[in-house]
Amino acid sequence: MEVTAYRCNGALNVELCGELDHHAAACARRELDAAIAADTNCDVILNMSRVTFMDSSGLGVLLGRYKRVAANGGKMYIYGASRTVDKLLRMSGIYSLIERIG
């Protein structure tokens, strides 16, 4: 799992690439936490267009980061999830917390 973060238009944009599963969850969590900690009090846009697979561990990563962002007064958005990843996100109910855009 590759995590690339950059600031654009007042938001922290995070691109995720690869599999977000139990093997990659700890690394993704650390990298996302570092990016969020370095840029507090802003919205976070997760570009998931290059996520090839995600399981419940990936959902846990997203939910944990959502809690951190919300605690700092920000909002979180998901962009570009593939059909299979989007199906998992819909079934989990995560879109009731993290808005899907695009």
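Residues numbered from 1 in each chain as written. Predicted model: local features only at pLDDT ≥ 70, side-chain atom pairs only at ≥ 80, totals over all residues. Heavy atoms only, no water.

### So, the sheet that holds strand 1 (residues 2-8)
Keep this limit in mind: Note on pairing: DSSP must find at least two bridges between two strands before they are called paired. Think of it this way: any DSSP run of H or I at least four residues long counts as a helix, any run of E at least two long counts as a strand, and we number them from the N terminus. Angular values range over 0 to 180 degrees, each being the angle between N-to-C directions of two axes fitted as lines to C-alpha atoms, with helices fitted over their stretch in contact.
If you trace the 5 strands from one edge of the open sheet to the other, you get 1-2-3-4-5, paired in mixed fashion. One side of each edge strand has no neighbouring strand; the edge strands of this open sheet are strand 1 and strand 5 (99-101). Taken pair by pair, the neighbouring strands of this sheet meet at an average axis angle of 25°, ignoring direction. Here strand 2 (residues 11-20) pairs with strand 3 (residues 43-54) via 9 bridges, running parallel.

### Examining the packing of aromatic side chains
Defined as follows: By convention, a stacked pair of Phe, Tyr or Trp rings (six-membered ring in the case of Trp) has centres within 6.5 Å and planes under 30 degrees apart, an edge-to-face pair has planes over 60 apart, and any other such pair is tilted. Any Lys NZ or Arg CZ that is within 6 Å of a ring centre and within 35 degrees of that ring's normal is treated as a charge sitting over the ring.
Tallied over the full model, the rule gives 0 aromatic pairs. Over the ring of Tyr95 we find Arg100, and its NZ or CZ is 5.7 Å from the ring centre.

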